Amino acid sequence: MPRRKSKPAESAESTRASASVDDVAARAEVLREQIAYHQQRYHRDDAPEIEDAEYDALVRELEALEREHPELAVAGSPTQAVGAAPSELFAPVVHATRMFSLDNAMSPDDLRTWEERIVRALGRAPAAYTCELKIDGLAIALTYEDGALVLGATRGDGTTGEDVTQNLRAIAAVPQRLRTPPGGTLPKLLEVRGEVYMPLAAFDALNRRQREAELRPFANPRNAAAGSVRQKDPAITASRELGIWIYQLGRVEGGPALASHWDTLAYLDALGFGLNPASARVDDLAGALAYVEAAQQQRAHRAYQTDGVVVKVDALDDQRELGFTAKAPRWAIAFKFPPEEQVTRLLKIEINIGRTGAATPFAVLEPVFVGGATVGMATLHNADEVARKDVRIGDHVIVRRAGDVIPEVVGPVPSRRDGSEQVWQMPAVCPSCGSAIERSGSEKVARCTGGFGCRGRVKEYLFHFASRGAMDIEGLGYRTVEQLLDAGLVRTPGDIFFLTPEVLRTLEGFGETSANNLAAAIERARARPLAQVLVALGIRHVGSSGARVLAQRYLELDAVLRADEAELAAVPGVGPVMAASVRAWADDPDNVALVRRLREGGVVARDPEPQGGRSDRLAGVTLVLTGTLARQSREQAEAAVLARQGKVASSVSKKTTAVVVGESPGSKLAKAEALGVPCIDEDTFEQLLEHGVSVLSR
C-alpha cells in the first residue's frame, strides 16, 4: 500500500521535471530562431529591427541556458556563429583564415573574470595589453599581392564573405598600393582586417540627401556604411564619405618577424594603412580599465560611432598559446558600452512651434536611461517622418541618444503592439496661439500662420536671435526671454535693443550688476558682423555659410534685401532656392517692420570693405580647408576666398581646385592625396589670394 500510494507523487515530480526540461528546450529553440533572424537582418540585410542591447540580451540568455543544460548546445547554435551567411548579390570569398567574432564584457568584473581565465591558461598575467576603440561599422578583409590590392571581402559568416573589391577600391581611405616601409620591402602577400565606417557628419549629410530625395534614411552610421559597401555600383560607394580603420594583421608572407600586436600595428602603419590614433598599449588590466573609462567619457565627442573597447593580449606568443574557441579568440574581448538605444513607451505626441513657425512633432516618453542621461522627450522631425516610421501613440519605440545629440525616436517595435495604439495626425490649429497650421504642397513642414502673434514662435525666434552663432547676446537665455514676454517688454527681436538697465531691473532675479551686464551685451550686439545678423534673422535656407556669402557680396543688410531674385541667385554659393527664400523674407510686411525696428534700435548690419579689396581672381576656384591655420581663423580664410569670388567646399572631390592644409589636418588630406587633388600650405594659400590661380601652376 505505501508503495502504491507513493507512486503517484513520484510520477508527478517526474512529470514536473520533464515539463521543466521541455520548457527550457522550447525557450532555447525560440531564442535560436530569434537570434538567427536578427543576425541576418543586421549582418546581411543591414536593416536591424531591434537595438544592439536587446539582441545582446537574447544571446546572453541562450548562452546561459546552454551552460546550464549542455545537452541543448546543439551544433549550429547562433552562440557559436560569427555574423551571418553572405548575400547572394556578390561572389563568395572563402577566407584563408577564419574571421572570428569577439566575446563581450559588460562590466569591469567581466574583464577581471576574463583575465583570470588567461592567468589560469598561461600560468601568469600577460606583460601588456593593447586597447582599441570598437568601431561600429562593417568588418572587412583586404588582401595585397606585392603591395597591390587584389581582393576585398566582407566578414560574412566568418568562413565565407562577399567579394566587394571594386566597392572598396572606391573608398579613398583604402590604400590601392602599399608604401614600402623604411629599411624594408613589401610583403609578397598580406591580408589585413579592418572596419569600414561612416563619420557622423557624413551620415547626417547622407540622410539629409535621402530625405530630400524622399528616400528612406538609414537607421544608423553602421547600416549606412554597410549599405554603402554593398552597392552594385561602385560610384555610389565613392559618393559617400567612408573611412576605414585597420586593426589586425591576418596573414603575411615575406614580412618582418613581429613579437607583439603593438608591433604589427606599427608595421601596418609603415605600410600606409589608416590606424585609429586612439589605440594604446597598457601594462596591466588596471590600465585597460582606465582606458575603457576614458573612452566611454570621450565617446560622444568623437567624429565617428564607437560601441566599446577591444582589449587584446599583446604578446603574439601568448595569443598563439591561448588560441580560440569555436566563436572567438581567447586572447581578446570586447567591452561593450552602455547602449545609446533603448526601448520605452511613447505616451503622447505634442508639437513645438519653431522660430519660422514650423510645427515639429515630438514624443513624450516614459522616462528611460539611454546614452548617459534620462530621456523623457524625443524628436519626431515632421509629420511625414511619423507616418513613414508608422509611429503611433502607445507604441513601444526605440529611442536613440548619443552624447549631447538630441534624442530621437528611431522607430516602433511592431511586435509589441496590442491593438490599443493610435495613429497620430498633425493638429489643425496651433496650440500656442490658436492660428491655423497649414502646409504648402511643396513643403514637408507644416507651419503656424500666426506670425509674430504666436508666442511659441516668438519665444524660439528670440532665443535663436540671441544665440552665440547669431547676435551672441550673453545672458539672454530661455528664462529671460520668458520673463520679457510675460512682462510685455518684447514682442519681436527688434524690441531687445530698446531695453535699458532700469527696465531690466524690474525683472525677477535681476539686480544692478546683472541688468548692466545684459545691457552691455545688447550694446555689443549692435555692431555684430553682417553674416551674424543674417543668421540671427532666421531666413529659411540661409545658414552660416550662405550668410557669409551674402555678406561678402553685399556688405550691408539693405543691399541684400534690395537685390532681386535673379541677382541673388547669380551669386556663387547662393542659388535659386536661397535666393527665393531671401526675396520672400524681405517682402514680408512683418519682416520689413522688424528691419525698421532694428535700425531704430541702432543695429549697424554693415561690414567694412575687406582688407585687400574685392576681386574676381579666384572665380571658378573651389578650395577645401583642413587643419588649423597659423595666421588667420577659418572664418577669415573663407571670407578672403569669397571676397575674390572663390568657393569654399566642405568636402573633397575631383572638382576641388586645391586643399589648404593647416596644422593637424583631418581625413580630407588623405582623400585629396587619393584623388590627386593639389594640397597647399598657408604660405601658398596667401599667395593664391594675392596673385590668383596661376600660383598653383608654378
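Computed from a predicted model, the values in this text were never measured in an experiment. (Residues numbered from 1 in each chain as written. Predicted model: local features only at pLDDT ≥ 70, side-chain atom pairs only at ≥ 80, totals over all residues. Heavy atoms only, no water.)

**A few points about the side chain of threonine 165**
Stage number 1. Of note, threonine 165 is situated in helix H4 (residues 165-169).
Stage number 2. Setting aside anything within four residues of it in sequence, one finds threonine 165 in contact with Val150, Leu151 and Gly152. (Helix = DSSP H or I, 4+ residues; strand = E, 2+ residues; numbered from the N terminus. Contact = heavy atoms within 4.5 Å.)

**Examining the environment of threonine 185**
Stage number 1. Within the secondary structure, threonine 185 is located in the loop between H4 and strand S7 (189-197).
Stage number 2. C-alpha of threonine 185 to C-alpha of leucine 271: the two residues are 86 residues apart in sequence and 9.7 Å apart in space.
Stage number 3. Residue contacts for threonine 185: discarding those within four places in its chain leaves Thr180 and Gly254.

**Overview of the confidence of the model for the protein chain**
The predicted coordinates of low-pLDDT regions are not to be read in fine detail.
Stage number 1. When pLDDT is averaged across the protein chain, the result is 86; 89% of the residues are at 70 or more.
Stage number 2. Confidence drops under a pLDDT of 50 for residues 1-19, and excluding neighbours within four residues, the segment shows zero contacts in the predicted structure. (pLDDT = per-residue confidence, 0-100.)

**Considering the packing of helix H12 (residues 455-466) against helix H16 (residues 530-537)**
Stage number 1. Relative orientation of the contacting elements H12 and H16 amounts to 165°, with a least axis distance of 8 Å. By the criterion of interaxial angle, the relationship of H12 to H16 is roughly antiparallel. The chirality of how H12 crosses H16 is right-handed. On the side of H12, the interface is formed by Tyr461, His464 and Phe465, while H16 contributes Val535, Ala536 and Leu537.
Stage number 2. Taken together, the residues of the contact of H12 with H16 sort by class into five nonpolar, one polar and no charged. (Axes fitted to C-alpha atoms, helices over the stretch in contact; angles between N-to-C directions. Parallel < 35°, antiparallel > 145°, perpendicular 65-115°, else oblique. Left-handed = near helix turned anticlockwise from the far one by under 90°. Nonpolar A, V, L, I, M, F, W, Y, C, P; charged D, E, K, R; others polar.)

**With respect to the packing of H12 against helix H13 (residues 478-486)**
Stage number 1. It is the contact of H12 with H13, at a shortest axis distance of 10 Å, that shows an interaxial angle of 135°. Between H12 and H13, the angle is such that the two are oblique. Classified by chirality, the crossing of H13 by H12 is right-handed. Residues Arg455, Val458, Lys459, Glu460, Leu462 and Phe463 of H12 pack against Tyr478, Val481, Glu482, Leu485 and Asp486 of H13.
Stage number 2. For the contact of H12 with H13, the class distribution of residues is six nonpolar, no polar and five charged.

**Points about the pattern of salt bridges**
Stage number 1. Enumeration according to the criterion identifies 31 salt bridges in this entry.
Stage number 2. Between aspartate 558 and arginine 599 there is a salt bridge, with the nearest N and O atoms lying 2.5 Å from each other. Taken together, the residues span a long stretch of sequence, with aspartate 558 in helix H18 (residues 557-562) and arginine 599 in helix H21 (residues 589-600) at a distance of 41 residues.
Stage number 3. Taking relative accessible area as the criterion, arginine 599 reaches 45% and is therefore assigned partly exposed.
Stage number 4. Salt bridges sharing common partners tie together Asp390, Arg392, Asp395 and Arg417. (Salt bridge = Lys/Arg side-chain N within 4 Å of Asp/Glu carboxyl O. Buried < 20%, exposed > 50% of the residue type's maximum accessible area, 1.4 Å probe, protein only.)

**Some remarks on the packing of aromatic side chains**
Stage number 1. Across all of its chains, the model carries ten aromatic pairs by this definition.
Stage number 2. Its guanidinium or amino end placed over the ring of phenylalanine 100, arginine 98 lies 4.9 Å from that ring's centre, counting from NZ or CZ.
Stage number 3. A cation sits over an aromatic face here: arginine 553 above tyrosine 554, 4.6 Å from the ring centre. (Phe/Tyr/Trp six-rings, centres within 6.5 Å; stacked < 30°, edge-to-face > 60°. Lys NZ or Arg CZ within 6 Å of the ring centre and 35° of its normal.)

**What about the nonpolar core?**
Stage number 1. Counting residues in hydrophobic clusters, the biggest one holds 59 residues, and the most contacted among them are Met471, Ile473, Phe497, Leu504, Leu537, Leu550 and Leu557.
Stage number 2. Of all the elements in the fold, those that place two or more residues in this core are H12, H13, helix H15 (512-525), H16, helix H17 (544-554), H18, helix H20 (575-587) and H21.
Stage number 3. No other element matches H16, which puts seven residues into this core.
Stage number 4. Ignoring sequence-local partners within four residues, the contact set of methionine 471 consists of Phe465, Ala466, Phe497, Ala525, Arg528, Gln532, Val533, Ala536 and Val603.
Stage number 5. Among the nonpolar cores identified, the runner-up in size contains 33 residues, and Leu142, Ile171, Ala225 and Val229 belong to it. (Core = buried A, V, L, I, M, F, W, Y, C linked by side-chain atoms within 4.5 Å.)

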